[in-house]
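# Working through the structure, step by step
Next come the chains, spelled out residue by residue.
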Number of protein chains: 2
Amino acid sequence: MKAAVLAVGSELLGEDRAETNSLAVAALLRRHGVALVRKAVVGDDEDAIAGELARMAAECELVVVSGGLGPTSDDVTREAAARAFGGELREDPAIAEEIRRRFAAMGRSMPEVNRRQALVPAGATVIANPRGTAPGLRLESGAATVFLLPGVPAELQGLLDDAVAPWLAARCGEVALESLTLRVAGLPESEVEELIAAVYDEFGRADITLLAGGGDVRLRLTAGGEAAPRQARLAGMAQRLRGLLGVAVYGEGDEELEAAVGRLLLAAGQTLASAESCTGGLVGERVTRVPGSSAWYVGSVVAYDDRLKRELLGVPPDLLREHGAVSEAVARAMAAAARQRLGSDWAIGITGVAGPGGGSAEKPVGTVHVAVAGPAAVAHRLLRLPGERARVRWLASHAALEMLRRRLLAAPPAG
Amino acid sequence: MKAAVLAVGSELLGEDRAETNSLAVAALLRRHGVALVRKAVVGDDEDAIAGELARMAAECELVVVSGGLGPTSDDVTREAAARAFGGELREDPAIAEEIRRRFAAMGRSMPEVNRRQALVPAGATVIANPRGTAPGLRLESGAATVFLLPGVPAELQGLLDDAVAPWLAARCGEVALESLTLRVAGLPESEVEELIAAVYDEFGRADITLLAGGGDVRLRLTAGGEAAPRQARLAGMAQRLRGLLGVAVYGEGDEELEAAVGRLLLAAGQTLASAESCTGGLVGERVTRVPGSSAWYVGSVVAYDDRLKRELLGVPPDLLREHGAVSEAVARAMAAAARQRLGSDWAIGITGVAGPGGGSAEKPVGTVHVAVAGPAAVAHRLLRLPGERARVRWLASHAALEMLRRRLLAAPPAG
């Protein structure tokens with residue numbers, strides 16, 4: 001089976017937005033062993049959409065379209081599909097009612113424009129979208145099945161899971177290609193590459209993809225064939241790589257570093273707090289992305305102003321005067337104070353120069369002090385981070401979480 | 001003039017890599033007023049590339065291709081172009097010599113495979129690439145000009161500057177299209193659309209693009225022609241839209257909501273603090289994305305655990321018991337306490353149910369109480385937000401910042 005993906009939206013033809021919805025589709029297709037042969041982007045233009053739809057449906061058995069299902073008059077994917085595949089558009093009263101209900105639940109009445117989202121080409125199957133007002137639509141054209149899905153990434157992913165995945169499973173049978181991702185922190189890409197060189201020879205380079213970014217390295221292992229040998233092969237690769245990379249592997253699949261930290265804390269029955277300066281709340285924001293983090297994260301003091309480092313955290317004024325706010329002594333004092341004042345087992349303290357201003361010869365932009373206070377001691381690391389403000393802040397939070405994770409692994413179990 | 005962009009490379013059909021070379025092409029095209037009407041991605045497949053090239057050259061006057069000019073046998077853009085446009089491939093001795101010279105400069109002899117990079121379709125013009133071994137190629141096919149450029153981003157950008165920009169300048173003259181973005185908060189997309197409907201009629205729909213996301217609506221206004229009338233037209237559109245949208249327009253261009261809030265605080269000589277529960281530090285993280293925010297942001301208490309709401313913020317235990325942590329009373333108390341304890345002019349307090357757990361019939365997931373404490377009073381809003389955890393948290397922080405911004409606009413000037 002061949003598949004094509006069409007992304008609709010004039011904003012995707014500009015210089016600002018890369019088209020990324022197709023990546024989610026590509027991931028799903030890969031799991032089912034379906035070849036994605038072409039991607040295209042067209043603007044909010046009925047002719048262009050209709051032309052591309054007809055072409056893709058003639059070439060491929062599966063066409064996935066994202067975008068152009070919004071309520072405004074430049075959302076014309078419905079009209080284009082009706083034109084390309086010859087079905088007239090009609091308002092579906094059940095969809096209109098559902099949209100009205102959604103607005104009512106927010107205490108508002110449905111704007112008139114939203115009625116456009118209830119239009120359905122004749123012969124199309126409506127796919128409920130619990131995450132937004134635009135339902136998805138499925139059409140058949142010759143040998144091709146065409147899914148029209150919303151462009152909002154969370155809504156798209158939801159309908160890929162709810163509707164496209166079951167359709168693929170029914171058409172292509174079981175998952176044909178399986179992959180497993182190992183997530184690695186605390187090691188640069190080149191070092192990971194060197195450590196695992198032998199595994200490339202053993203298992204073949206094509207089945208191991210190395211992706212680096214945001215302080216992480218991810219290793220994607222892929223295997224095909226029947227379920228039993230496929231899984232055995234994946235498990236063998238993973239075991240070999242874990243042996244070579246040791247504690248640097250923090251998780252598998254979608255598990256982010258903050259979730260891995262939470263898992264360890266939860267298992268130990270311990271809690272975390274933070275005291276942040278240059279990261280401005282990013283550590284707290286990241287750990288509370290994890291559902292259920294209230295079981296192990298108590299909170300944070302963001303002491304952006306040095307006055308708050310003194311008043312809220314009790315960092316001694318002498319320390320600040322003598323060493324400056326960006327210093328090992330202050331990072332250690334922040335972590336220790338957070339642990340004590342917020343009443344947690346562990347605490348992270350971060351202070352640094354995120355830029356673009358504030359750097360000096362002695363403490364250039366990218367200088368960050370990270371401390372982790374635990375039941376036994378306070379550990380510290382001085383980081384010299386590359387890049388701009390956002391990157392420095394992210395890498396600082398990442399290094400702090402990784403430092404905590406290694407300490408949790410090394411710590412004796414709670415008693 | 002219409003243009004299309006083709007990106008070649010099987011790795012761009014996977015789940016890991018968004019196609020971004022087209023953004024550099026789009027930026028160049030926009031400056032010259034050329035409409036990019038279609039982008040496509042195909043793999044390293046001669047048939048697919050040839051088919052797409054023929055189609056694009058039939059539809060557009062300019063086709064820019066990136067990728068597939070490397071030395072290995074899966075780099076087949078040259079072969080595909082020769083096929084699509086009917087010119088035979090021949091080795092160009094001058095290119096081969098140049099490639100040899102590059103290798104010699106690195107103390108190496110040219111690998112045999114690199115001779116493929118010296119192949120040129122008959123009738124093509126060679127474009128020197130000082131940044132790599134693969135030269136660019138320019139072909140004419142009917143009314144279309146086709147540029148084949150390397151996929152390495154720095155090489156692509158170099159040849160866009162060296163060869164495509166001069167070609168565009170010769171064909172289209174000076175920079176012809178200019179745009180201006182108005183940023184709107186606090187209004188849903190459909191309401192913005194209704195409010196500005198008249199402007200579509202006055203100025204033409206094609207020149208106003210509406211982009212919604214993350215609680216914002218952006219209006220991109222575009223004008224062409226000579227500099228003076230073009231800028232007058234943009235200014236006229238912006239003025240008209242600002243008249244209709246009023247205070248909902250918070251900024252222009254790249255200015256994010258948090259930066260607009262900072263600008264107002266800075267102008268008023270006032271400061272901000274926050275007390276966050278369900279957002280976990282996101283408000284602090286967002287405002288400290290703004291360089292120089294230390295001039296107007298003092299810090300935050302992330303009281304994720306209710307114990308910290310009592311201990312760090314002094315929220316009365318009675319309030320928490322009687323109303324629950326997710327309540328108007330607690331949001332107001334958090335904002336007031338942050339303002340007082342952190343010593344700022346303004347403070348944001350947020351408490352809510354971000355999900356996926358923790359919802360109830362009375363307080364379902366998405367229920368968020370936001371309060372803004374200022375010099376005069378504490379204001380409050382109850383939000384019922386759609387979507388998943390990350391979206392609820394983002395929209396809550398956005399609504400809080402927007403609420404603060406409107407209060408800052410309404411507040412009497414400092415002094």
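Because the structure is predicted, anything quoted here is derived from the model rather than measured. (Residues numbered from 1 in each chain as written. Chains lettered and ligands numbered in written order. Predicted model: local features only at pLDDT ≥ 70, side-chain atom pairs only at ≥ 80, totals over all residues. Heavy atoms only, no water.)

Before going further, it helps to spend a moment on the pattern of salt bridges. In total, this model carries 67 salt bridges over all chains according to the counting rule given. We note a salt bridge from Glu 255 of chain A to Arg 263 of chain A, for which the minimum N-O separation is 2.8 Å. Its salt-bridge partner being Asp 162 of chain B, residue Arg 131 of chain B comes within 3.4 Å of it at the nearest N-O pair. Highlighted residues: Arg 131 of chain B in the loop between strand 6 (125-127) and strand 7 (136-141) and Asp 162 of chain B in helix 5 (residues 153-172), separated in sequence by 31 residues. Assessed through its relative accessible area of 39%, Arg 131 of chain B is described here as partly exposed. (Salt bridge = Lys/Arg side-chain N within 4 Å of Asp/Glu carboxyl O. Helix = DSSP H or I, 4+ residues; strand = E, 2+ residues; numbered from the N terminus. Buried < 20%, exposed > 50% of the residue type's maximum accessible area, 1.4 Å probe, protein only.)

So, on to the confidence of the model for chain A. In low-pLDDT regions, the fine details of the predicted coordinates are not to be read closely. In the predicted model, chain A carries a mean pLDDT of 93, and 99% of its residues have values of at least 70. Across the interfaces of the predicted complex, the ipTM metric reaches 0.79, alongside a pTM of 0.80. (pLDDT = per-residue confidence, 0-100.)

Residue and element names in this part refer to chain B. Secondary-structure assignment places Asp 75 in the loop between strand 3 (62-66) and helix 3 (77-85). The exposure class of Asp 75 is buried, given its relative accessible area of 13%. Not counting residues within four places of it along the chain, the set of residues in contact with Asp 75 comprises Gly 68, Leu 69, Gly 70 and Arg 116. (Contact = heavy atoms within 4.5 Å.)

It is worth spelling out the sheet that holds strand 7 of chain B at this point. On the basis of which strands lie adjacent, the open sheet formed by twelve strands has the order 6(A)-7(A)-8(A)-3(A)-1(A)-2(A)-2(B)-1(B)-3(B)-8(B)-7(B)-6(B) and mixed pairing. A single partner strand is all that each edge strand has here, and the edge strands are strand 6 (125-127) of chain A together with strand 6 of chain B. Direction aside, the axes of adjacent strands within the sheet are offset by 20° on average. Strand direction decides the pairing type here: strand 1 (residues 2-8) of chain B and strand 3 of chain B, joined by five bridges, are parallel. Bridged to Ala 4 of chain B within strand 3 of chain B is Val 63 of chain B. Set on the sheet, helix 3 (residues 77-85) of chain A makes contact with strand 1 (2-8), strand 3 (62-66), strand 7 (136-141) and strand 8 (144-149) of chain A; between it and strand 7 of chain A the angle comes to about 15°. Contacting strand 2 (35-42) of chain A together with strand 1, strand 2 (35-42), strand 3, strand 7 and strand 8 (144-149) of chain B, helix 2 (residues 46-59) of chain B crosses the sheet at an angle of about 170° to strand 2 of chain B. (Pairing = 2+ DSSP bridges. Axes fitted to C-alpha atoms, helices over the stretch in contact; angles between N-to-C directions.)

For the rest of this paragraph, the subject is the interface of chain B and chain A. In this complex, chain B contributes 66 residues to the contact, which on the side of chain A involves 69 residues. Carbon and sulfur atoms make up 52% of the surface buried where chain B meets chain A, a total of about 5400 Å² over both sides. Looking at the side of chain B facing chain A, the largest losses of area belong to Glu 15, Lys 39 and Tyr 304 of chain B, adding up to 12% of the total buried there. Close ionic contact of Arg 30 of chain B with Glu 15 of chain A constitutes a salt bridge, the shortest N to O distance being 2.4 Å. Joining chain B to chain A, the criterion identifies 34 residue pairs in polar contact (both at pLDDT 80 or more). Here the side of chain B that touches chain A is composed, by residue class, of 27 nonpolar, 14 polar and 25 charged. Two elements, strand 14 (residues 297-303) of chain A and strand 14 (residues 297-303) of chain B, share five bridges in a ladder whose sense is antiparallel. Bridging across to strand 14 of chain B, Ala 303 of chain A finds its partner in Gly 299 of chain B. (Buried area = accessible area lost by both parts, 1.4 Å probe. Polar contact = N/O pair within 3.5 Å; in protein donor to acceptor, adjacent residues only side chain to side chain. Nonpolar A, V, L, I, M, F, W, Y, C, P; charged D, E, K, R; others polar.)

Moving on, we come to the sheet that holds strand 17 (residues 378-384) of chain B. Spatially, 17(A)-16(A)-15(A)-13(A)-14(A)-14(B)-13(B)-15(B)-16(B)-17(B) is the arrangement adopted by the ten strands of the open sheet, whose pairing is mixed. Only two strands of the sheet have a single neighbouring strand rather than two, namely strand 17 (378-384) of chain A together with strand 17 of chain B. Within the sheet, the average angular offset between the axes of one strand and its neighbour, ignoring direction, is 15°. Here strand 16 (residues 367-373) of chain B pairs with strand 17 of chain B via seven bridges, running antiparallel. From the neighbouring strand, Val 372 of chain B faces strand 17 of chain B, where its bridge partner is Ala 379 of chain B. Strands strand 13 (272-276), strand 15 (346-352), strand 16 (367-373) and strand 17 of chain A of the sheet are contacted by helix 13 (residues 328-341) of chain A, whose axis makes an angle of about 150° with strand 15 of chain A.

Core analysis: the largest hydrophobic core is formed by 36 residues, its most contacted members being Leu 313 of chain A together with Leu 313 of chain B. Ignoring anything within four residues of it in the chain, the contact list for Leu 313 of chain A reads Ala 275, Val 301, Ala 303, Leu 308, Met 334, Ala 337, Ala 338 and Arg 341 of chain A. (Core = buried A, V, L, I, M, F, W, Y, C linked by side-chain atoms within 4.5 Å.)

We now examine the packing of helix 9 (residues 257-268) of chain A against helix 14 (residues 389-410) of chain A. Helix-helix packing: each pair is described by the crossing angle between the helix axes and the interaxial distance. All names here are of chain A. Two elements in contact, helix 9 and helix 14, have axes separated by 10 Å at closest approach and are oriented at 30°. Overall, the two elements helix 9 and helix 14 adopt an arrangement that is roughly parallel. For helix 9 against helix 14, the interelement crossing comes out left-handed. Side by side, helix 9 and helix 14 meet where Leu 257, Glu 258, Ala 260, Val 261, Leu 264 and Leu 265 of the first sit next to His 398, Leu 401, Glu 402, Leu 404, Arg 405, Leu 408 and Leu 409 of the second. For the contact of helix 9 with helix 14, the residue count by class is nine nonpolar, one polar and three charged. (Parallel < 35°, antiparallel > 145°, perpendicular 65-115°, else oblique. Left-handed = near helix turned anticlockwise from the far one by under 90°.)

Let us now look at the pairing of strand 16 of chain A. All names here are of chain A. Strand 16 sits mainly inside the fold: seven of its seven residues count as buried. Residues Thr 367, His 369, Ala 371 and Ala 373 of strand 16 are buried on one face, and the alternating residues Val 368, Val 370 and Val 372, pointing to the opposite face, are buried as well. Hairpin connection, strand 16 to strand 17: the antiparallel pair is bridged by four residues.

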